[in-house]
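Here is how the chains run, residue by residue.
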Amino acid sequence: MWIIKTEHKRDEDGGTVALELETDGCTEIHVYSVTEENRELKDTFHTCDLIGFIDTLQTLDNVCQDYFGEGSYWERKKNEEE
């Protein structure tokens, strides 16, 4: 979990301009999505291996691109392939 260590405020109106965060070494990611059926999905991922989690998501994306192919949500446009 991220902890707000310091909150930086604007002098003029007191609005927050930046946060300094710290963590226990793990990451919690909150994901909100709306499906084709207009249902809202909420999920939370907690990992202490963010690089491994990213690698897993990239391989999942590659499998979905290969399986669903052209004309699907997974299709990459030429400018997205970088």
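Caption draft 1: Representation of the overall build of the protein chain in the model. Secondary structure summary: the protein chain contains one helix and four strands in total. Listed by position from the N terminus, the elements making up the protein chain come as β-β-β-β-α. Rg of the C-alpha trace for the protein chain: 18 Å, well past the compact-globule value of 12 Å for 82 residues, more than 25% over. On the principal axes, the C-alpha backbone points of the protein chain span a range of 50 × 30 × 30 Å. Counting over 82 residues, the protein chain shows a buried share of 10%. Across the protein chain, the fraction of contacts at a sequence separation of at least 24, relative to all contacts at a separation of at least 6, is 7%. Surface summary for the protein chain: the accessible area is close to 7300 Å², and the carbon and sulfur share equals 52%. Here the protein chain contributes 8 positive and 21 negative side-chain charges, whose respective centroids are spaced 4 Å apart.

Caption draft 2: Focus on the pattern of salt bridges. Summed over the entire model, instances satisfying the criterion amount to three salt bridges. One salt bridge in this structure joins Glu7 and Lys9, with 3.3 Å as the shortest N-O distance. According to the relative accessible area criterion, Glu7 is partly exposed, its value standing at 39%. Between Arg10 and Asp13 there is a salt bridge whose closest N-O contact spans 2.9 Å.

Caption draft 3: Representation of the packing of aromatic side chains within the structure. Scanning all chains against the criterion turns up one aromatic pair. On the numbers, 5.3 Å between centres and 45° between planes, the contact of Phe45 with Phe53 is tilted. Judged by relative accessible area, which is 32%, Phe45 ranks as partly exposed.

Caption draft 4: Summary view of the pairing of strand β2 (residues 16–22). Bridge count between strand β1 (residues 3–9) and β2: six bridges; the pairing is antiparallel. For Ile4, the partnering residue across the bridge sits in β2 and is Leu21. Between β1 and β2, which pair antiparallel in sequence order, lie six residues; one of them, Gly14, sits at a positive phi of approximately 75°.

Caption draft 5: Region of interest: the pairing of strand β4 (residues 40–47). Pairing between strand β3 (residues 27–34) and β4: eight bridges, direction antiparallel. Within β4, the residue paired with Val31 across the bridge is Asp43. Taking the residues that link successive antiparallel strands as the turn, the β3-β4 hairpin has five residues, and the phi of Asn38 there is positive, at about 65°.

Rules used in this analysis
In this numbering scheme, every chain counts its residues from 1 along its sequence in written order. The model is predicted, so local features are restricted to residues of pLDDT at least 70 and side-chain atom pairs to those at 80 or more, both for listing and for counting; the totals for chains, interfaces and linings are taken over all residues. Hydrogens and waters are ignored; side-chain quantities use all the structure's heavy atoms. The secondary structure listing takes helices from DSSP runs of H or I that are at least 4 residues long and strands from runs of E that are at least 2 residues long, numbered from the N terminus. Computation of the radius of gyration draws on C-alpha atoms, with the globule rule given as 2.2 Å multiplied by the number of residues to the power 0.38. Between buried and exposed lies partly exposed: a residue is buried under 20% and exposed over 50% of the maximum accessible area for its type, with that area taken using a 1.4 Å probe on protein chains only. Residue contacts are counted whenever heavy atoms from the two residues lie within 4.5 Å of one another. Methods summary: accessible areas were calculated by the Shrake-Rupley approach with a probe of 1.4 Å, and residue burial reflects only the protein chains presented. Residues scored as charged are limited to Lys and Arg (positive) and Asp and Glu (negative), so that His and the chain ends carry no count. Every charge is mapped onto a representative atom, which is NZ of Lys, CZ of Arg, CG of Asp or CD of Glu. Salt bridge, as used here: a side-chain nitrogen of Lys or Arg that lies within 4 Å of a carboxyl oxygen of Asp or Glu. Any two rings among Phe, Tyr and Trp, with Trp reduced to its six-membered ring, count as a pair given centres within 6.5 Å; such a pair is stacked if its planes are under 30 degrees apart, edge-to-face if over 60, and tilted if neither. Here a strand pair is declared whenever DSSP counts at least two bridges between the two strands.

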